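Observations on the three-dimensional arrangement
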Amino acid sequence: MVGDLSIKPTVICIFGASGDLAQRKIIPAIYDLFMNDLLPDPFCIIGLARTSLGDDGFRQQLRSGVEKFSRSGIHKEEDWDKFASAVTYSKLDYQDSTIYKSLLEQLDQGWQKSATKIFYLATPPTLFEPIVKQLGQSRILHGNDQYRIVIEKPFGRDLESAQELNKILADVFDESQTYRIDHYLGKETVQNILAFRFANAMWEPIWNRSYINHVQITVAEQVGVGRRGGYYENAGALRDMIQNHLLQLMCLVAMEPPTSFNAEEIRNKKVDVLHAIRPITTEDVAKVAVRAQYVSGVVDGKHVPGYLEEENVAADSRTETFAAIKFYIDNWRWQGVPFYLRTGKCMGARASEISLQFRPVPHHPFSEKVIQPNRLAIQIAPEEGIMLRTQAKEPGPVMKIKPVEMHYSYNEVFQVSSPEAYETLLLDIMRGDPGLFMRSDQVEMAWTVLGSILETWQNDRENPLPSYVAGEWGPQEAENLITADGREWLKPACLECEIRKEGSDGND
Ligand code: NDP
């Protein structure tokens, strides 16, 4: 996050370099860092995968990704040429130990000898273990900070597999050399949660059970599984989104104030939240967790197929594309305050947002029977900003109360486009700052928290799986989950403001 910008010369070896992630995220992010003069000098990228590409073929493939997905784009040929000259490609059989040996020997030549060497595993998760083992067999890397390993999500598929992967990693790399990516943590608006909470004196006194009625965290996608059905069938919304992104957001909202921005301090405070989550027993699962699958519907004006009709999805699949869970955090700050988390594909809108709903006023002297409680919405995507709903007097001769929103948008205030999450994360890896990455105990605790839900859902082959029409906001069962508590799912702030604006435009 913050730190010394003088970064040591660096080599990034990307395993699975021919794939989607390298093309859409990793390389465009490195290119943007290059265009902003943030890369060390010298610097190079070695792409590794099974496909026969050659240096030029690989560069050509990357170029189209950079043109499409980088923030800077390619405006001058000389910029691209300079960047591309630092990129090479080697064909790799992931199981062939001689290739790893010669890769490590190559990394010992010339300036690369004293450089930071980053092994970025952008392969399917089944390859994480063999690649790490091969690297460990070829050289003693443990404890040598010159070598760093980056692991993409998903990190395991349950507690047992995450523990196993952590063990394999720990045999070859020290924890301080290990960077487990949850790209949500690199987003500017997610990092801003800490600034918002801990750089402003006004929030801390009311950031607790005395003032907050409940918290909602929504990560809604409009896209379906598209061509990633093969991957998604083995994941589902719980593993793909809740175990990592949503639980991490919950930790940032619920954590205690850190004493410093030291990486370990922040990670300790976050893991404390996971430890304080009230365990969900198998008997409780049906009461606090809902899953569902989308059926065909209309999203953003377009007809979309149901999940079971998607490519590479089994006709009788029970993989959930929607999940909603209610958590409690058993500590002094949050006792009795529910945290409702929900995420889904093919939902009514794309929106990632955290909403803190405050308690109603204890008494009000106005004629309105009900006054909407204050709401603070931390908007992560697509809007980036903060919305605070308060009440105001409507202009006119009588005292009439109306909700109004105070809003600040990141783009309007700062007038610069935010770096992509992958830019921030890659720079932190080069600097050796692990603060925004998942530590082994965090990942394991997140799996522990979800253990009973994973198991119950996996074993339940009989109860009909709830469904929701694509383009809607989830199944009726998710509504029931929250209305049973006398609450309702909040519309994302951007939609609510729009609706109110349209309403008031109509009245004028
Ligand atoms: P891809 O399926 O595109 O795989 C990446 C590369 O790995 C491929 O180009 C391929 O290269 C190699 N590969 C694929 N399958 C196999 C296989 N069975 N055996 C050996 N090699 C194989 O994946 P993505 O790029 O989409 O994702 C990479 C990693 O990043 C995954 O772990 C994914 O979960 C994670 N991730 C991806 C995101 C995305 O948006 N794409 C988002 C977040 C995380 P070759 O055949 O040339 O060796």
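Data block above holds the structure.
One structure accompanies this document, and this report is about it. Treat the numbers as computed from the prediction; the structure is a model and nothing was measured.

**Side note on the overall build of the protein chain**
Within the protein chain, the secondary structure is distributed over 16 helices and 17 strands. Radius of gyration (C-alpha) of the protein chain: 24 Å, near the 23 Å computed for a compact globule of 508 residues. Seen along its three principal axes, the alpha-carbon backbone of the protein chain occupies a region of about 80 × 55 × 45 Å. Split into buried and exposed, the 508 residues of the protein chain put 53% on the buried side. Long-range contacts, defined here as pairs at least 24 residues apart, represent 78% of the contacts in the protein chain between residues at least 6 apart. Carbon together with sulfur atoms contributes 51% to the accessible area of the protein chain, which is approximately 22,900 Å² in total.

**Describing the sheet that holds strand β11 (residues 322-327)**
On the basis of which strands lie adjacent, the open sheet formed by nine strands has the order β16-β15-β14-β13-β7-β12-β11-β8-β17 and mixed pairing. Unpaired on one side and paired on the other, β16 (401-409) and β17 (467-469) mark the two borders of the sheet. Neighbour to neighbour, the strand axes of the sheet diverge by 20 degrees on average, direction disregarded. Relative to β16, strand β15 (residues 385-393) is paired through nine bridges, and the arrangement is antiparallel. In the sheet register, R389 faces β16, and the bridge partner there is E405. Relative to the sheet, helix α7 (residues 188-198) contacts β13 (351-358), β14 (375-381), β15 and β16, its axis offset from that of β14 by approximately 145 degrees.

**Focus: the site of the ligand**
Residues in close proximity to the ligand total 20 residues, the closest being S18, D20, R24, R50 and T51. At 2.9 Å from an oxygen atom of the ligand is found a main-chain nitrogen or oxygen belonging to K153. Here the ligand, which alone exposes 860 Å², has 76% of that area covered by the protein. Examining the composition of the shell around the ligand, we find that three residues originate from one element, helix α1 (residues 20-35), more than from any other. Of the residues belonging to the shell around the ligand, the class tally is nine nonpolar, five polar and six charged.

**Considering the nonpolar core**
Among soluble globular proteins, nonpolar side chains are generally buried collectively. The biggest cluster of nonpolar side chains holds 153 residues, and the ones touching the most others in it are F15, F119, L247, F327 and F339. The greatest single-element share of this core, amounting to twelve residues, is contributed by helix α9 (residues 237-254). In terms of domain composition, this core takes at least three residues from each of domain 1 (10-183) and domain 2 (187-507). Those residues in contact with F339 that sit more than four places away from it in its chain are V215, M250, V253, A254, I325, K326, F327, I329 and W334.

**Things to note about the packing of α1 against helix α2 (residues 54-69)**
Think of two packed helices as two axes; the pair is described by the angle between the axes and how far apart they sit. Where α1 meets α2, the axes come as close as 8 Å, and the angle between the chain directions of the two elements is 80 degrees. When the axis of α1 is compared with that of α2, the two are roughly perpendicular. Contact residues: Q23, R24, I27, P28 and Y31 in α1; Q61, L62, S64, G65, V66 and F69 in α2. Considered class by class, the residues forming the contact of α1 with α2 number six nonpolar, four polar and one charged.

**Some points on the environment of S260**
Secondary-structure assignment places S260 in the loop between α9 and α10 (263-276). Assessed through its relative accessible area of 32%, S260 is described here as partly exposed. Here N262 takes part through its backbone nitrogen, which lies 3.2 Å from a polar atom of the side chain of S260.

**Some points on the packing of aromatic side chains**
Scanning the model with the defined rule gives 20 aromatic pairs in all. Centre to centre, the rings of Y31 and F34 are 6.1 Å apart; their planes meet at 40 degrees, and the pair counts as tilted. Here Y31 and its partner F34 are both found in helix α1, three residues apart, which amounts to about one turn of the helix. Overall, the relative accessible area of 17% leaves F34 in the buried class. A ring pair is formed by W80 and F83, whose centres lie 5.7 Å apart and whose planes are at 40 degrees; its orientation type is tilted. Separated by three residues within a single helix, W80 and F83 lie in helix α3 (residues 77-84), roughly one turn from each other.

**Here we look at the side chain of D182**
With respect to the helices and strands, D182 occurs in the loop between β6 (178-180) and α7. Buried within the structure, D182 lacks any salt-bridge partner; its nearest side chain of opposite charge belongs to K153, at an N-O separation of 6.5 Å. In terms of polar contacts, D182 uses its side chain to reach the side chain of H245, at 2.5 Å. Apart from residues lying up to four places away in sequence, D182 is in contact with N244, H245, Q248, L425 and M438.

**Describing the sheet that holds strand β2 (residues 43-49)**
Strand order in the open sheet formed by six strands is β3-β2-β1-β4-β5-β6, with parallel pairing between adjacent strands. Strand pairing shows two members of the sheet lacking a second neighbour, β3 (87-91) and β6, which therefore form its edges. Across this sheet, the average inter-strand angle for adjacent strands is 20 degrees, counted without regard to direction. Pairing geometry for strand β1 (residues 10-15) and strand β4 (residues 116-121), over six bridges, is parallel. By the bridge assignment for β4, C13 is matched with F119.

Thresholds applied
- Along every chain, residues carry numbers that run from 1 in the direction the sequence is written.
- Owing to the predicted nature of the model, reporting of local features is limited to residues with pLDDT of at least 70; listing and counting of side-chain atom pairs is limited to 80 or more, with chain, interface and lining totals taken over all residues.
- Values reported for side chains reflect all heavy atoms of the structure, with hydrogen atoms and water molecules removed beforehand.
- Labels follow the DSSP assignment, with helices taken as runs of H or I lasting at least four residues and strands as runs of E lasting at least two, numbered in each case from the N terminus.
- Within these notes, the globule rule equals 2.2 Å times the number of residues to the 0.38 power, and the radius of gyration is based on C-alpha atoms.
- Remark: exposure states derive from per-residue accessible area (1.4 Å probe, protein chains only) relative to the maximum for the residue type, with buried under 20%, exposed over 50%, and partly exposed in between.
- Two residues form a contact once any of their heavy atoms are found within 4.5 Å.
- Working definition of accessibility: Shrake-Rupley area with a 1.4 Å probe, residue cover restricted to the visible protein chains.
- Here the rule is simple: two strands pair whenever DSSP picks up at least two bridges between them.
- Axes, fitted as lines to C-alpha atoms, cover a helix only where it is in contact. Angles between the N-to-C directions of the axes lie from 0 to 180 degrees.
- To be near a molecule or strand, a residue needs just one of its heavy atoms within 4 Å of it.
- Polar contacts, as counted here, are pairs of nitrogen or oxygen atoms within 3.5 Å of one another; within protein the pair requires one atom able to donate a hydrogen and one able to accept it, and residues that are adjacent in sequence qualify only if both atoms are side-chain atoms.
- Gly counts as polar in this scheme, as do all residues outside two lists: the nonpolar Ala, Val, Leu, Ile, Met, Phe, Trp, Tyr, Cys and Pro, and the charged Asp, Glu, Lys and Arg.
- Put simply, buried Ala, Val, Leu, Ile, Met, Phe, Trp, Tyr and Cys residues joined by side-chain atoms within 4.5 Å make one nonpolar core.
- An automatic or database domain assignment supplies the start and end points of every domain.
- Our angle categories are set so that under 35 degrees counts as roughly parallel, over 145 as roughly antiparallel, 65 to 115 as roughly perpendicular, and the remainder as oblique.
- Each aromatic pair joins two rings of Phe, Tyr and Trp (for Trp, the six-membered one) with centres within 6.5 Å, and gets the label stacked for planes under 30 degrees apart, edge-to-face for over 60, and tilted for any other angle.
- Charge assignment in this entry is limited to Lys and Arg as positive and Asp and Glu as negative, and neither His nor the chain termini are counted.
- In what follows, salt bridge is the name for a side-chain nitrogen of Lys or Arg lying within 4 Å of a carboxyl oxygen of Asp or Glu.

None of this, on its own, says anything about what the molecule does.
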